[in-house]
Amino acid sequence: ENYSAVLVSGAMVIMYFITFAAYDFYGLISQTMAFVIMAVLTAFMVATSLNYNRQIIALLGLVGAYAVPFLLSNNSGQVTTMFAYMTIINIGILLITFQRNWKPVYYTAFGLSWFIYLFWFIESLIGKSISSKLGVEGGTVEMIFSFVFFLLFYLIILSYKLVKKEKLSPIDTVLILLNAMIFYGVGYVWTIEMFGEEYLGLFTLLNAVVHFVFASVIFKQKLGTQNLFYLVSGMVLVFLTLAIPVELDGNWVTVIWIAEAVLLFWIGRTKGVSFYEKMAYPLIAVALISLTEDWSHYGRYYSASPETRIPPIFNIYFLTSILFIVALTFINWVNNQTPFDTANFKRKWLPNLLKVALPSVLLITIYCSFFLEIESYFSQLYIDSKIEDVSDSDN
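Here the structure is a predicted model, which is why all the values come from computation and not from measurement.

**Student:** I'm lost on the confidence of the model for the protein in this one. Help?
**Tutor:** Any residue range with low pLDDT should be treated as having predicted coordinates unsuitable for detailed reading. Per-residue pLDDT for the protein averages 79, and the proportion of residues at 70 or more is 83%. Between residues 133–138, whose pLDDT stays under 50, and residues either more than four places distant or in other chains, the model counts 10 contacts.

**Student:** Can you help me understand helix α12 (residues 316–337) in this one?
**Tutor:** Along an α-helix, residues three or four positions apart point the same way, because every turn accommodates 3.6 residues. Compared with the 32 Å implied by 1.5 Å per residue over 22 residues, the 31 Å span of α12 between its first and last C-alpha is a close match. Looking at α12, one finds that the buried residues are Y317, F318, T320, S321, F324, I325, A327, L328, I331, N332, V334 and N335. On its buried face, α12 is in contact with α10 (251–270), α11 (274–295) and α13 (350–384). Sitting at the amino-terminal end of α12 is N315, which places a side-chain oxygen 3.1 Å from the backbone nitrogen of Y317.

**Student:** How should I be thinking about the pattern of salt bridges in this particular structure?
**Tutor:** Any two side chains of opposite charge can pair, on the condition that their charged atoms come close. One pass over the structure, following the stated rule, counts two salt bridges. With a shortest N-O distance of 2.8 Å, E277 and R269 are connected by a salt bridge. Here the two residues E277 and R269 agree in accessibility, since each one is buried. Where R309 meets D384, a salt bridge forms, and the shortest distance between an N and an O atom there is 1.9 Å. Residue R309 is found in the loop between α11 and α12, and its partner D384 is found in helix α13; the two are separated by 75 residues along the sequence. Judged by its relative accessible area of 35%, D384 is partly exposed.

**Student:** In this structure, what is going on with the nonpolar core? I would like to understand it.
**Tutor:** Soluble globular proteins: nonpolar side chains tend toward being buried together. Counting 101 residues, the largest nonpolar core has F83, M86, W114, Y117 and W190 as its most contacted members. With residues up to four places along the chain from it excluded, the contact list for Y117 reads F83, E142, M143, S146, F149, V186 and W190.

**Student:** What should I look at first to understand the environment of L155 in this one?
**Tutor:** Relative to the assigned elements, L155 resides in helix α6 (residues 130–162). Taking the C-alpha atoms as reference points, L155 and L94, separated by 61 residues in sequence, lie 7.6 Å from one another. The residues contacting L155, other than those within four sequence positions of it, are L94 and F214.

How each quantity is defined
- Residues numbered from 1 in each chain as written.
- Predicted model: local features only at pLDDT ≥ 70, side-chain atom pairs only at ≥ 80, totals over all residues.
- Heavy atoms only, no water.
- pLDDT = per-residue confidence, 0-100.
- Contact = heavy atoms within 4.5 Å.
- Helix = DSSP H or I, 4+ residues; strand = E, 2+ residues; numbered from the N terminus.
- Expected span 1.5 Å × (residues − 1).
- Buried < 20%, exposed > 50% of the residue type's maximum accessible area, 1.4 Å probe, protein only.
- Polar contact = N/O pair within 3.5 Å; in protein donor to acceptor, adjacent residues only side chain to side chain.
- Salt bridge = Lys/Arg side-chain N within 4 Å of Asp/Glu carboxyl O.
- Core = buried A, V, L, I, M, F, W, Y, C linked by side-chain atoms within 4.5 Å.

So, in structure tokens, the structure goes:
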């Protein structure tokens, strides 16, 4: 039976090769016919591997199927055909995933699919810009394929957790994060090349929406484990956080980040959801770094440029500082009023650290905010008091 399984796998590899060569090399069959044959072969591969209950059939057929268009390409530029072909194969992998616990199969599919796509993508960027090589319409199609790959592998990885009720393993976490990062990185470049930087915020927000849909389904249907829900929810928060600096500038970034941190901390502490509270701490740190960057705009006044003057008190930098102080004050108040649930944290020293760290950050922020505002006011007066010596040097 094992020998028969190997023969079947080899036969499928040969059939994939024949179909691809007949269409791409010799033009013996049309594109529609090639897709029909490949779809039938993929269905046959799925049925045979399930019937034999042999993972080797799926693996050999998979490797051969991916290798054909990648290794035997004639530089015809038919990348759309190749990606559509790979999509058909990945759909077959998704069907297998729902039937068998064959993780090496989707590991292999994940690695080969993104390797081939990234190889072509980087080559396109190095050789010629995507927009000039494919045009807007062609580039949009290739971007759609990257989203299809991302969505398929997201479904494949999550299917084990949702259908098989498996716990979230470290390798699954890595694959989910890697899948999201590759798609976002590719899409980031695609968006700039095809549509311009003004659409980057929208693209980042759409990434958050996709993860939010998955998180909502997991939560409402009570699927998977709690850690899976937290991971997918974390992806939503990450992309929402990324969308802020991508779309907005300067002080708005600081304000929205600290507001997001306040919301997460309040939900996490009062509702006992430690995951949200843990997410709030790095956001506080990031917002603080952003605030210090806002403070760097102090001291840029030049008397020759009146528009650079910063009015006292009623300026965006001091207002941002005040909002940051109010937010930190609220966080400190919640930290003092609501007991810290040590059962949800492995580090038992964290409550004592927070009792010192949060008030310290608040006091330092208050001091720096008022110090910089007062210093800016008197520094501008000092600059305005400068008297030009226009007397003749000989006298």
